Each structure stands twice: as C-alpha cells, then as structure tokens.
Amino acid sequence: APAAASPQRDPAQVLMPPPEYRAGNEQWGYAEAITHDETIYLSVVVAWLRPGESDQSDAFERAFRQIENILKRAGSNWDNVIDMTTYHTDLPVQLDAFVKVKARYVAAPFPTWTAIDVDRLVPDTGLVEIKVIARKAK
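Now for a description of the structure that goes with this document. (Residues numbered from 1 in each chain as written. Predicted model: local features only at pLDDT ≥ 70, side-chain atom pairs only at ≥ 80, totals over all residues. Heavy atoms only, no water.)

**Regarding the environment of Ala108**
Moving on, step 1. Its place among the elements puts Ala108 in the loop between helix H3 (91-103) and strand E6 (112-117).
Moving on, step 2. A relative accessible area of 57% means that Ala108 is categorised as exposed.
Moving on, step 3. For the pair Ala108 and Thr85, spaced 23 residues apart in sequence, the C-alpha separation works out to 17 Å. (Helix = DSSP H or I, 4+ residues; strand = E, 2+ residues; numbered from the N terminus. Buried < 20%, exposed > 50% of the residue type's maximum accessible area, 1.4 Å probe, protein only.)

In structure tokens:
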C-alpha cells in the first residue's frame, strides 16, 4: 500500500551571502541563515579586529550591522530577535563596550541573551561570535 501523504510544511529556506562574500560559507559548509516557518536561525557573525585596529567597539558595530543586514534579507529586523548567544574571548574586558553597541540595536522588550567566555575564535583576530534567532517581521 502507498504511504499516506503527510501534510505540507513550510520547507526550510537557506540564506547565503551575496556571491562576493560567499567563499567562507562554501569552504566551511554553512548557511548564513536558515528560515523555517516563521523562525530565522542565523549562523554566528564574528566581530574581529582589522589589521592595525585596536578599538573593539568598531568591530562590534560592524558585526551588529552585518546581523542587521542578514535579518533584513531574511524578512526581519532587530525588533524581532528572540534569542542571542555571544561567545567572548575576554568577557570581562569586552562586556562594557559590547553592551554599549548592543544598546543601539537591541531595545525593550529584550530578547534572551547568554554570554559565554571562550578561549579563542576563528579567525584568531576574532573577539566575539554573535548568534541570534529571530521571528519573521509581521
């Protein structure tokens, strides 16, 4: 007997960066984001220092803007972020500057947030990895 047909579900949709920024995703084998039903799961975005750069706030700002751009392409924005996890290479040193940049993007009602101290990131100049889960905008 043929198998019973299952109800149709919204298939997961893969979001990749524009072709000129895609090499790392393809080399390491990961999507920039996945949407499933009304939920958007972003891969981590790394805040890292550029050569000769010393101000961590600049790196954090670039990372938050990158996340904002990914959310926009996925049909959302910072107001719809429901969970954020951050991985810091030196949490006590980074926290104040990170929170100041975060406050420019994340407003009340706040998402959940877990901050974790780690030994190192890839690339070696990485300071913080930021991972978010969001809802699609209404």
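**Some points on the pairing of strand E2 (residues 33-36)**
Regular strands place their side chains on alternate faces of the sheet.
Moving on, step 1. Burial along E2 is one-sided: Ala33 and Thr35 are buried, and none of Ile34 and His36, which face the opposite way, are.
Moving on, step 2. Here 3 bridges tie strand E1 (residues 13-15) to E2, and the two strands are oriented antiparallel to one another. Bridge pairing in E2 places Leu15 opposite Ala33.
Moving on, step 3. Pairing of E2 with strand E3 (residues 39-42), which is carried by 4 bridges, proceeds in the antiparallel orientation. Bridge pairing in E3 places His36 opposite Thr39.
Moving on, step 4. Remark: 2 residues form the turn of the hairpin made by E2 and E3, two consecutive strands paired antiparallel; Asp37 in that turn has positive phi of roughly 55°. (Pairing = 2+ DSSP bridges.)

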